[in-house]
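Fold and geometry: a report
Here are the chains, one letter per residue:
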Amino acid sequence: MDQRIGKMIFGISVFGATLIGSSFLNPAFAEGLGVGKITGNYVNVRTQGSLSGSVIARLNWNDTVTVLDKENGWYKIKLSDGREGWVFGEYLSVRNSSNVSRGDSEKAASVGIVTGSYVNVRSEAGLSGSVVAQLNKNTTVNVLGKQNGWYKIKLSDGREGWIYGEYLAVRSSSSISRGEVDRSLIDKLIDFAKSFVGTPYVYGGSTPKGFDCSGFVQYVFKNVGINLPRTANEQATAGEYVSYNNLQSGDLVFFKTLGSSVINHSGIYIGNGEFIQSSSGRGKVIISPLNEGYYKEHYVTARRIIK
């Protein structure tokens, strides 16, 4: 179980953010197995085909690479700058290079950074278009075109839509700095979690119709591209241990409640001595104090997933 979880968690590192539309999208095809497309966000490229290999690059959804070899569930790949490394097979879709169209390896001329929170992406360039997604501040997208003050964009999952120009800062993909999006992942996570305050508690629930504690944590992290185990006890094995005194926003916090001998409750620390949780006692998603009262007394440990 620990080995499986380790692959699931660390295969999509969030130590930084790789921009969509980066130079990795133009592979120099070489002899090998074919062409691979990344199927996750923040996927590590390592020096060897195991979790012990050091990270040399990180790729995002639909980035395209040349695939050179496969060994023990890992693929050896070649980046456009000539560097070679290994990607865990779960996050790479491989096909023969002759079957990949030119469009698969073309990159957008520009990159856009969303400048507002909960900005609608619509099916058409106008308010009459249906909403296909909502984006938070500092989300980065490919910009495909412009029409009547609206930008056509491509999301990390491959979907396309339109966003009103006032809510998008557009620039060349080569001019954007990594620092502009580094912190945004945690901010996005917390904002998304807070949007569910008041959502009903449902035992076994893991959707916005109703959450239990670990279902809520899992759902929120999945929204930023991070897969966590389903139960609180399993979630407490993910990431790295962090002490109570060193908690930061985005850390997972764990408890033993109702006389349980094992960890049976989880939440997300949001800073200022508070965490957000789906509470069975209150029957809904709430923000609670961590530094006093019931949850301080039943606190067990914390784990850092986003570093």
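Residues numbered from 1 in each chain as written. Predicted model: local features only at pLDDT ≥ 70, side-chain atom pairs only at ≥ 80, totals over all residues. Heavy atoms only, no water.

1. A few points about the sheet that holds strand E20 (residues 274-279)
- Across the sheet, six strands lie side by side as E17-E22-E18-E19-E20-E21; this open sheet has antiparallel pairing. Bordering the open sheet on either side are strand E17 (240-241) and strand E21 (284-289), each of which pairs with just one other strand.
- As paired elements, strand E18 (residues 252-255) and strand E19 (residues 265-271) share four bridges and run antiparallel to each other. When the bridges of E19 are listed, Phe255 appears paired with His265.
- Against the sheet, helix H5 (residues 213-222) engages E18, E19, E20 and E21, with an angle of about 50 degrees to E19. (Pairing = 2+ DSSP bridges. Helix = DSSP H or I, 4+ residues; strand = E, 2+ residues; numbered from the N terminus. Contact = heavy atoms within 4.5 Å. Axes fitted to C-alpha atoms, helices over the stretch in contact; angles between N-to-C directions.)

2. Some details on the pattern of salt bridges
- According to the stated counting rule, one finds four salt bridges in the structure shown.
- A salt bridge links Lys76 to Glu84, with the nearest nitrogen and oxygen atoms 3.4 Å apart.
- One salt bridge in this structure joins Arg304 and Asp251, with 2.8 Å as the shortest N-O distance. Within this pair, whereas Arg304 is found in strand E22 (residues 299-304), its partner Asp251 is found in the loop between E17 and E18, the two being separated by 53 residues in sequence.
- We classify Arg304 as buried; its relative accessible area is 17%.
- A relative accessible area of 1% places Asp251 in the buried class. (Salt bridge = Lys/Arg side-chain N within 4 Å of Asp/Glu carboxyl O. Buried < 20%, exposed > 50% of the residue type's maximum accessible area, 1.4 Å probe, protein only.)

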